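The residues making up each chain are set out below.
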Amino acid sequence: MVRPSWSRVPALSAGVLLATALTGCALLGNAEGAAAPGRQGSATPTPTGNLVTLMQRLGGDGPVRTLDVEPTGRWQCRDCAGDGVDATGSLNPEQTSRLQRMLADPALARETDQARRYRQLCIGVLTSTLLIPPGLTVTIQDCPGEPAPPVAYQVLLLLTQATPADDKG
């Protein structure tokens, strides 16, 4: 007989998988909307750096909060407080620069779910997932005794302290 608490694991895993797929679609949509040769108007230079998406969910049944941060520091948070309200804003230049340095840190590739062979161990806790194109995924659970990957955790702290996203659930 399966314990009832394990019934939430597939739902949370499906949510993370769905989020990964949607992020990929959003990235393709951004590429398709880019200025093409022959279009009217001035071309805006593409900022160098990495886009990052933070998805958070408290437990298996909680709402999914999504924060997208562009390389320029502009962010959009969907359902930030779990109340359906969206927000937008910008990181300050120092925060943007620090975020981009962390996202470019080679150590981040060693902190991915795949590299760590990550398995979700706790049920009913805050799960934060960082999605960094072109395919890096780092999951951090607010699980007692679980070590947090250092670079990814610093990214999580920066994003949760500088925006309405919350690292406490």
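Coordinates for the structure precede this section.
Residues numbered from 1 in each chain as written. Predicted model: local features only at pLDDT ≥ 70, side-chain atom pairs only at ≥ 80, totals over all residues. Heavy atoms only, no water.

*Asks:* What am I meant to see in the overall build of the protein chain here?
*Replies:* Within the protein chain one finds 4 helices and 6 strands. For the protein chain, the N- to C-terminal ordering of α and β elements is α-β-β-β-β-α-α-β-β-α. The buried share among the 169 residues of the protein chain stands at 40%. Residue pairs in contact within the protein chain that sit at least 24 positions apart in sequence constitute 53% of those at least 6 positions apart. When the accessible surface of the protein chain is totalled, it reaches about 9800 Å², and 57% of it is carbon and sulfur. (Helix = DSSP H or I, 4+ residues; strand = E, 2+ residues; numbered from the N terminus. Buried < 20%, exposed > 50% of the residue type's maximum accessible area, 1.4 Å probe, protein only. Contact = heavy atoms within 4.5 Å. Areas by Shrake-Rupley, 256 points an atom, 1.4 Å probe, with all protein chains shown as cover.)

*Asks:* Any chance you could explain unusual backbone geometry here in plain terms?
*Replies:* Note: most residues except glycine have negative phi, and most peptide bonds are trans. At the junction of P133 and P134, the peptide bond is cis and its omega measures out at 15° in the coordinates. Positionally, P134 belongs in the loop between β5 (126-132) and β6 (136-141). Phi at D79 is positive, roughly 60°, even though this residue is not glycine. As for its placement among the helices and strands, D79 is situated in the loop between β3 (74-78) and β4 (87-90). For R117, which is not glycine, the phi dihedral falls at a positive 55°. When you line up the elements, R117 lands in the loop between α3 (113-116) and β5. Relative accessible area serves as the criterion here: at 74%, R117 is assigned to the exposed category.

*Asks:* Looking at this model, I keep getting lost on helix α2 (residues 93-104). Mind explaining?
*Replies:* An α-helical turn contains 3.6 residues, so any two residues separated by three or four positions project in the same direction. The terminal C-alpha atoms of α2 lie 16 Å apart, and with 12 residues this matches the ideal 16 Å at 1.5 Å per residue to within 8%. Of all the residues in α2, the buried ones are Q95, T96, L99, Q100, M102 and L103. For α2, the angular spread of the buried residues around the axis is 160°, confining them to a single face. Across α2 from its buried face, at more than 90 degrees, point the exposed residues P93, R101 and A104. Where α2 is buried, its residues meet β1 (52-58), β2 (64-69), β5 and α4 (150-162). Here α2 starts with a cap whose side-chain oxygen sits 3.0 Å from the backbone nitrogen of E94, and that cap is N92. (Expected span 1.5 Å × (residues − 1). Arc of directions from axis to C-beta. Polar contact = N/O pair within 3.5 Å; in protein donor to acceptor, adjacent residues only side chain to side chain.)

*Asks:* How should the nonpolar core be read in this particular structure?
*Replies:* Taken as a class, soluble globular proteins show a tendency for nonpolar side chains to be buried jointly. V52, V69, L99, L130 and L159 are the most contacted members of the largest nonpolar core, which has 23 residues in total. The element contributing the most residues to this core is α4, with 6 residues. In this structure, L99 is in contact with V52, V69, L91, V155, L158 and L159, ignoring residues within four places of it in sequence. (Core = buried A, V, L, I, M, F, W, Y, C linked by side-chain atoms within 4.5 Å.)

*Asks:* Looking at this model, I keep getting lost on the state of the cysteines. Mind explaining?
*Replies:* Here the structure, examined in full by the defined rule, presents 2 disulfides. Each sulfur of the disulfide joining C77 and C80 lies 1.6 Å from the other. The burial state of C77 is the same as that of C80; both residues are buried. Here C122 connects covalently by a disulfide to C143, the sulfurs 1.6 Å from one another. (Disulfide = S-S within 2.5 Å.)

*Asks:* Looking at this structure, I do not really get the environment of G89. What am I missing?
*Replies:* Relative to the elements of secondary structure, G89 occurs in strand β4. A relative accessible area of 15% places G89 in the buried class. As a C-alpha pair, G89 and R74 span 15 residues in sequence and 5.8 Å in three-dimensional space. Apart from residues lying up to four places away in sequence, G89 is in contact with G73, R74 and W75.

*Asks:* Before we go on, may I ask you to explain the pattern of salt bridges in this structure?
*Replies:* Side chains that differ in charge, positive against negative, can pair when their charged atoms come close. Applying the stated criterion to the full structure yields 3 salt bridges. Of the charged contacts, one joins E94 and R98 as a salt bridge, the two residues approaching to 3.3 Å between their closest N and O atoms. Placement of the pair is E94 and R98 together in helix α2, with a separation of 4 residues, close to one helical turn. Given a relative accessible area of 46%, E94 falls into the partly exposed group. Among the ionic pairs, D113 bridges to R116, the shortest N-O distance being 3.1 Å. Residue D113 and its partner R116 are located together in helix α3, separated by 3 residues, close to a single helical turn. (Salt bridge = Lys/Arg side-chain N within 4 Å of Asp/Glu carboxyl O.)

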